[in-house]
Amino acid sequence: MIRMIFSLLLCAACFWAAPRAEAKLSVVATTPDLAALASAVGGERVSVKALSSPAQDPHWVDAKPSLALELSHAELLLAVGAELELGWLPTLQLGSRNGRVQLGARGFLDCSTLVDLLERPTTRVDRSQGDIHPSGNPHYLLDPRAAERVAVGIGKRLAELDPEGSSLYLERTKAFVTSLRDARARFQKSLEKLKGRPIVAYHRSLAYLAEWTGLVVVDHIESKPGVPPDPRHVAELIALARQKGARTVVQEAFHPTRTSQLVAEKLAGKLLRIPGATNFQGGQSYVAFIEQVLKQLTEGV
Amino acid sequence: MTEPAPSVRPELDAFDQLLETEPAETRGAASAASAKTVAHEAASGVEASPSLSQFVDGIGLYRDPIACAVLAGAGLGALGVFVVLRRAVFVTATLSQAAGLGVVLAFFLEIQCGLQLPPLACALTTTLACAFLLGVRPRRLSQETAVAFVYLAASALVVLLGARIAQEAHDVAAILFGTAVLVRPEDVLWVLGGTLSAAAMLAALTRPLLFAGFDRDGARVQGLPVRRLELAFWSVFALEVSVATRALGALPVFAFAVLPATAGLLCARRLPGVMAVAVAAGALSGGLGYLCAFLLELPVGASQAALAAALVPLAWMLRRARA
Amino acid sequence: MSDALLSAHALCVGYSGRAILPAIDVTIRSRELWVVTGQNGSGKTTWIKTLLGLLEPVSGSVRHERPGLGLAYLGQRQELESHYPVAVKDVVAMGTLREKGWLSGRAQRRRRVLRALELMGATELAEQPFSELSEGQKQRVLLARIQASDCELAVLDEPTSAMDAGAEESAWQLLKAVQRESSLSLLVVTHALELARKYADRVLRFDRERRELSAGGVELLGEYAAHGTRP
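Heads up: these notes are all about the structure in this document. For clarity, every value in this text was computed on a predicted model and none was experimentally measured.

## Quick word on the pairing of strand β1 (residues 25-29) of chain A
Residues and elements named next belong to chain A.
Now for step 1: With five of five residues buried, β1 is to be regarded as a mostly interior element.
Now for step 2: Burial along β1 is two-sided: the face carrying Leu25, Val27 and Ala29 and the face carrying Ser26 and Val28 are both buried.
Now for step 3: The pairing of β1 with strand β2 (residues 46-50) spans five bridges and is classified as parallel. Residue pairing in the sheet places alanine 29 in a bridge with alanine 50 of β2.
Now for step 4: Chirality of the crossover, the property in question, places the unit of β1, helix α2 (residues 32-42) and β2 among those that are right-handed.
Now for step 5: Pairing of β1 with strand β3 (residues 76-79) involves three bridges; the strand directions are parallel. When the sheet's bridge partners are listed, valine 28 is paired in β3 with leucine 77.

Structure, rendered in structure tokens:
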């Protein structure tokens, strides 16, 4: 009886199956930022999915079964790389049983290879130093200059995988690069305002943002990357921040706020929570995201 | 697709040339094309919710995690009957914590002493050691106090040792709390092993275990090896908890060990009925929970736990309806 | 003597190595009905648990006079986990479980269960959940468990404590019937002195105030009453 019901359900499911979308190149990105870039340069020829949302810390993602299905059909997997997704992507990648997106295949693009990474350890990384990424800091997408290189790399890889669309990809990449450079020109005034301003950050995720905007990160709330703050560190941090004149704590929305709030209060300043990534599912573009972050910084710092 | 087709090579070079142009040249020249791009950028980002047919399409992909959840649900459901009857539900949480301690310990030993031990083996060892500790606790210590002691000691050690190995935090989490979305084939085998051990143990020991729980002193006087029986039970339970936690995560495992058994105890009056309901409810919440997570795009472990929880009031209503 | 089952030699009971009662020699023989009596808190339960090997003695020893001596024990009601999802016949079947051989002899075990239920007049209760029985019914079922265990010595700690006078009398009659049917020895802790006097062969008397422990015939019960420590 149960077997019969199950077979009926299966048949029904097959009949209801929606016709598969017209043959677009299927791209899966680990973060919404990468998804937004891929969508910008791929346009109508690609369908793009993001494995995480801006509300999620990309170090820790609870992937959904539907995403595994997407990954099993994917023709291109975009990863931030530099060990950012080490905790969850490999299982998903292997489990998807899709040879095209495995490590080393043309369908897997580690975008960290497209940019010059900051904070690349020069000595042997010791575990006592916290959650150091041996390949360098992976939070480069908060710098539009790095994003430009990534977008170009993605466009190039799309053209490789889908030669028929290569001219379209080139056109769109050109257009995206232009729009990004235009935006950067518009941002110039804001950047001048931010240059040299001291801030306290939560995690080492603002290194590229600071490098681009000229903000000076005095210290981090975390005593070591990935290690929750301890009382001694917080006391030292507050003293240092006062000495350097930093009053604002800046962090991505997904980081915990308890200690940050306390530190901001002690500094008689405020806690500024910037979005964790582009709101790709809500239709936001990467340029709009960077603009939003910069607006928040100029108003808040 | 290791090499691009020759015809597109000039195009590919054109991409590289994009980066060589000076940003200053384009400054302030906002073109119509770029505005259009920005507007269109995320158009394909809107997602339709997954359908049953997509699930059927991907069944090969989901076979392993569903098998894992069904097996763990059934095994823990059956073992859970005795756990709930012994008023020891928080033993599950304690054993999960002990497994965590094992994993952290494995990394710690590697860092501090250069000793390379498989984390899963360490997890299994600490879990079994804790189960043993709970089994041989001094009689003057109540079971809940012993459980709290082991839980607190393990939690504190996990945090203390964990602070020294932040770099492996991802690995610890991955090894300890599998994502439940996809599992590795060896996880299925481990869980299958755990569930088969549970089935074999219960087939041989259900009646003496029942007697030892119902009237401990009566069973001891009649010559039943009550301590060894309890040790056997908790060892198999510890094995099942550690392999299932590794594959599926702590939340669904805790839920499978408590809620299906509760449903069984609510709606059946004799042990065989209770066991049957608990096994079915555990397997159902594992399998159907996964399907719900797929269709509604929810986290897997929480969906399975929520479904198991929903079966409890259902069982209660069933009993009321029958009465 | 050859009909001795269990003997305590200078057995001294207590907690953490501290004696709570003086040492005593007791020998329990085949087909005897012992009554253990004394005030609450006089150490009766500690003494019988030590005799059965559930607690360590402070000094002295307990010897099984027959190899493989079959023992059964029915503790006080609160020691039972009555919420277990077991039917009456499951409870009676627990009596048939011994250290070895619980995997075999299903048919024989079932016969013993049915026979014990029949003897206790509880056949119609067989399928009922144990937790839903009245106190008197539960007691009959637990006695059936003793009956099914085929033991040689059964120790019962206040088996009639939750019963009214009428039920208590019939419970003692049942006990006597079980003893006769299975030719077993019984050691029963009780406060019901009148009934004890009627049914007991031997008496073990505990006195909390004097920290005394004495074993003897039924006359001990009369002496005990004369002290005026019990109404």
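## Structural notes on the sheet that holds strand β6 (residues 216-220) of chain A
All names here are of chain A.
Now for step 1: Ordered in space as β6-β5-β7-β8, the four strands form an open sheet in which the pairing is parallel. Both outer strands of the open sheet, β6 and β8 (270-274), are each paired with one neighbouring strand and no more. Ignoring which end each strand starts from, the neighbouring axes of this sheet average 35° apart.
Now for step 2: Alignment of strand β5 (residues 198-201) against strand β7 (residues 248-252), held across two bridges, turns out to be parallel. Of the residues in β7, the one forming a bridge with valine 200 is valine 249.

## So, the packing of helix α4 (residues 135-148) of chain C against helix α5 (residues 165-182) of chain C
Residue and element names in this part refer to chain C.
Now for step 1: Where α4 meets α5, the axes come as close as 11 Å, and the angle between the chain directions of the two elements is 15°. Taken together, α4 and α5 sit at an angle that is classed as roughly parallel. Between α4 and α5 lies a crossing of right-handed hand. Here Arg140, Leu143 and Gln147 of α4 lie close against α5, whose contacting residues are Ala171, Leu174, Leu175, Val178, Glu181 and Ser182.
Now for step 2: Residue composition of the contact of α4 with α5, by class: five nonpolar, two polar and two charged.

## Some remarks on the nonpolar core
Now for step 1: Core analysis: the biggest nonpolar cluster contains 104 residues, and B:Leu76, B:Phe237 and C:Val92 have the highest contact counts within it.
Now for step 2: Of all the elements, helix α12 (residues 226-248) of chain B adds the most residues to this core, at 12 residues.
Now for step 3: Residues lining this core come from more than one domain, with at least three contributed by each of domain 1 (1-70 + 151-231) and domain 2 (85-149) of chain C.
Now for step 4: Setting aside anything within four residues of it in sequence, one finds C:Val92 in contact with C:Val113, C:Ala116, C:Leu117, C:Val141, C:Ala144, C:Arg145 and C:Ala148.
Now for step 5: In this structure, A:Ala40, A:Ala151, A:Leu158 and A:Ile290 belong to the second largest nonpolar core, which totals 68 residues.

## Structural notes on the sheet that holds strand β1 (residues 4-12) of chain C
Residues and elements named next belong to chain C.
Now for step 1: If you walk across this open sheet you meet the three strands as β4-β1-β6, and the pairing is antiparallel. Single-partner strands in this sheet number two, and they are β4 (24-29) and β6 (59-64). When strand polarity is set aside, the average angle formed by the axes of neighbouring strands in this sheet is 5°.
Now for step 2: Pairing of β1 with β4 involves five bridges; the strand directions are antiparallel. The residue of β4 that forms the bridge with serine 7 is threonine 27.
Now for step 3: Contacts from helix α1 (residues 44-51) reach β1, β4 and β6, with the element oriented near 120° to β1.

## Here's the deal with the interface of chain C and chain B
Now for step 1: Contacts between the two partners involve 35 residues from chain C, matched on the other side by 28 residues from chain B.
Now for step 2: Its salt-bridge partner being C:Arg145, residue B:Asp215 comes within 2.8 Å of it at the nearest N-O pair.
Now for step 3: Where chain C meets chain B, there are 12 residue pairs in polar contact (both at pLDDT 80 or more).
Now for step 4: Contributions of two or more residues to the side of chain C that touches chain B are made by β7 (71-74) and α2 (88-94) of chain C.
Now for step 5: With four residues, α2(C) is the single largest residue contributor to the side of chain C that touches chain B.
Now for step 6: Tallied by class, the residues present in the side of chain C that touches chain B amount to 17 nonpolar, seven polar and 11 charged.

## Things to note about helix α6 (residues 90-113) of chain B
Now for step 1: Taking 1.5 Å per residue as the helical rise, α6(B) with its 24 residues ought to reach 34 Å, and the 33 Å between its terminal C-alpha atoms agrees with that figure.
Now for step 2: Two residues or fewer after α6(B) comes B:Gly114, characterised by a positive phi angle close to 70°.

Conventions we followed
Residues numbered from 1 in each chain as written. Chains lettered and ligands numbered in written order. Predicted model: local features only at pLDDT ≥ 70, side-chain atom pairs only at ≥ 80, totals over all residues. Heavy atoms only, no water. Buried < 20%, exposed > 50% of the residue type's maximum accessible area, 1.4 Å probe, protein only. Helix = DSSP H or I, 4+ residues; strand = E, 2+ residues; numbered from the N terminus. Pairing = 2+ DSSP bridges. Right-handed = clockwise from strand over helix to strand, strands pointing away. Axes fitted to C-alpha atoms, helices over the stretch in contact; angles between N-to-C directions. Parallel < 35°, antiparallel > 145°, perpendicular 65-115°, else oblique. Left-handed = near helix turned anticlockwise from the far one by under 90°. Contact = heavy atoms within 4.5 Å. Nonpolar A, V, L, I, M, F, W, Y, C, P; charged D, E, K, R; others polar. Core = buried A, V, L, I, M, F, W, Y, C linked by side-chain atoms within 4.5 Å. Domains from an automatic or database assignment. Salt bridge = Lys/Arg side-chain N within 4 Å of Asp/Glu carboxyl O. Polar contact = N/O pair within 3.5 Å; in protein donor to acceptor, adjacent residues only side chain to side chain. Expected span 1.5 Å × (residues − 1).

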